[in-house]
Amino acid sequence: MTPHADPAPHADPETGAAVKAADRAHVFHSWSAQGLIDPLAVAGAEGAYFWDYDGNRYLDFTSGLVYTNIGYQHPKVVAAIQEQAARMTTFAPAFAIDVRSEAARLIAERTPGDLDKIFFTNGGAEAVENAARMARLHTGRPKIMSAYRSYHGATSTAINLTGDPRRWASDTASAGVVRFWAPFLYRSPFHAENEAQECERALRHLEDTIAFEGPQSIAAIILETVPGTAGIMTPPPGYLPGVREICDRYGIVLVLDEVMAGFGRTGAWFAAEHYGVVPDLLTFAKGVNSGYVPLGGVAISAEIAATFDTRPYPGGLTYSGHPLACAAAVATIRAMEEEKVVERAAHLGEHVLGPGLRELAERHPSVGEVRGLGAFWALDLVRNKETREPLVPYNATGEANAPMAAFGAACKKNGLWPFINMNRTHAVPACNITEGEAKEGLAALDAALAVADEYTV
């Protein structure tokens, strides 16, 4: 499917005002001070675009929350949901259901190694919760290690495993989590001068942390294969294989979180393919069905699955493997295969987004670094390219965040809906966006970066 080139929004301000009023009266929004937000009332979406009730159309460079990998309203997926609803809308998870089995089979075919058993959840955070539980039960150990620059979800264990500031209000300091620094050469915590040094020093730091925590107490290490919200920092060559070797040596379960990086986002079915690494557990959600119906899960290795052959797994969800969600996953995966969406994402990264973003970096003093692959990119915005001082401070709010707020407003003025986190903007459009649409997004970024440039020194 090629996203609709020019959806024509119909202006209906009166309806938009009613939608906004009902939202403000009754909807409690995530991650927000409820009295300080002004949500856009969205009238419709198709392909890579959405539009409001005032007739403004936006190119979505966020893919929702980096999950509409095949864009909005893909007809094959919409039809599959409709057909499944007419045939069997729902059924309890303890039964064998054809579409549930087929979704699991298609996912297992694409996961690396022997990750052939699929435990379905309703989203990514629940996938992380259950992966952590499986690792602890399999090893009999209490601790799980996670990186500071990470996001793993907002449920109890997942938020404690998260590294970014959204964790702070919920951090119990008693969740059995040990944090470490993962590699990030541009802002290296190891004072490295090149990728080889960053990799070697990051692995040594990880192993030292394990030694001081006690290897016999550590159940798992969880890493986003390519960290998403934290900044799309692609790991240096050798790092993930090095972590795999450390885990093998100490009997630690390796969990790769592919909730954001999976299902074509990086130009491969799973980002682990780029690094030749097979985890023991792999978490997924988002792109598995482009978020059309909530679905996530854990892909489980044969060894860990065998732990529960005769021992009941103490976990479950009422809607695990929901037929509507699984039908959407089956249709999504088949459409991605037929339409070569994964290959398109790889092509976009290599020939359009990567070169285009690097060209912007050469011309704009506010762009410190460009990082990414496939349809998964970040621009690190700075006040000064030499010092690499971020354009706004870490976790900035209010007036301190004014430069990024001005940049975001400029994007929207130019018809681009941006993904902004701290001092970064991410270019994460639908994986099947056309080259013309991608270049439209780059042009809007170009104009908005001129506003960010005004804050450089």
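Read on for a plain summary of the structure. (Residues numbered from 1 in each chain as written. Predicted model: local features only at pLDDT ≥ 70, side-chain atom pairs only at ≥ 80, totals over all residues. Heavy atoms only, no water.)

1. Focus: helix α4 (residues 98–110)
For α4, which comprises 13 residues, the first-to-last C-alpha distance of 19 Å matches the rise-based estimate of 18 Å (1.5 Å per residue) to within 8%. Burial in α4 covers these residues: V99, R100, E102, A103, A104, L106, I107, A108 and R110. Buried-residue contacts for α4 involve α3 (75–87), β4 (117–121), α9 (272–275), β9 (281–284) and α11 (323–338). (Helix = DSSP H or I, 4+ residues; strand = E, 2+ residues; numbered from the N terminus. Expected span 1.5 Å × (residues − 1). Buried < 20%, exposed > 50% of the residue type's maximum accessible area, 1.4 Å probe, protein only. Contact = heavy atoms within 4.5 Å.)

2. Section: empty space enclosed by the protein
Inspection of every chain in the model, using the stated rule, returns four cavities of 30 Å³ or more. Considering only enclosed or pocket space, the largest cavity measures out at about 120 Å³ in volume. Every residue lining the largest cavity is counted, 14 residues in all, and those nearest its centre are A182, L223, E224, T225 and P227. Looking at the lining of the largest cavity residue by residue, the class counts come to nine nonpolar, three polar and two charged. (1 Å grid on protein atoms, 1.4 Å probe; cavity = no way out; pocket = protein on both sides within 12 Å on 5 of 7 lines; lining within 4 Å. Points joined across faces, edges and corners; volume = space filled by probe spheres on them. Nonpolar A, V, L, I, M, F, W, Y, C, P; charged D, E, K, R; others polar.)

3. Describing the nonpolar core
Core analysis: the largest hydrophobic core is formed by 39 residues, its most contacted members being I107, I118, F120, F263 and F284. Among the elements of the structure, α3, α4, β4, β9, α11 and α12 (341–363) are those that each provide at least two residues to this core. Leave out the neighbours within four places in its chain, and I118 touches A104, I107, A108, F284, V298 and A299. Counting residues in hydrophobic clusters, the runner-up holds 36 residues, among them V66, V178, C199 and L254. (Core = buried A, V, L, I, M, F, W, Y, C linked by side-chain atoms within 4.5 Å.)

4. Quick notes on the pattern of salt bridges
Applying the stated rule across the entire model yields 25 salt bridges. For the salt bridge of D171 with R179, the shortest nitrogen-to-oxygen distance reads 3.5 Å. Judged by relative accessible area, which is 30%, D171 ranks as partly exposed. Two residues, E200 and R204, come together in a salt bridge whose shortest N-O distance is 2.2 Å. Placement of both E200 and R204 in helix α7 (residues 195–213) is noted, with a separation of four residues, approximately one turn of the helix. Among the ionic contacts, a cluster of salt bridges with common partners joins E102, R105, E109, R110, R334 and E337. (Salt bridge = Lys/Arg side-chain N within 4 Å of Asp/Glu carboxyl O.)

5. Concerning the pairing of strand β2 (residues 49–52)
Across the two faces of β2 the burial is the same, with Y49 and W51 and F50 and D52 all buried. The turn joining strand β1 (residues 42–46) and β2, which pair antiparallel and follow one another in sequence, is formed by two residues; a positive phi near 60° is taken by G47. Two strands pair when backbone bridges link them, and β2 and strand β3 (residues 57–60) are joined in this way by three bridges, in the antiparallel orientation. Each residue of the ladder has a partner; that of F50, found in β3, is Y58. (Pairing = 2+ DSSP bridges.)

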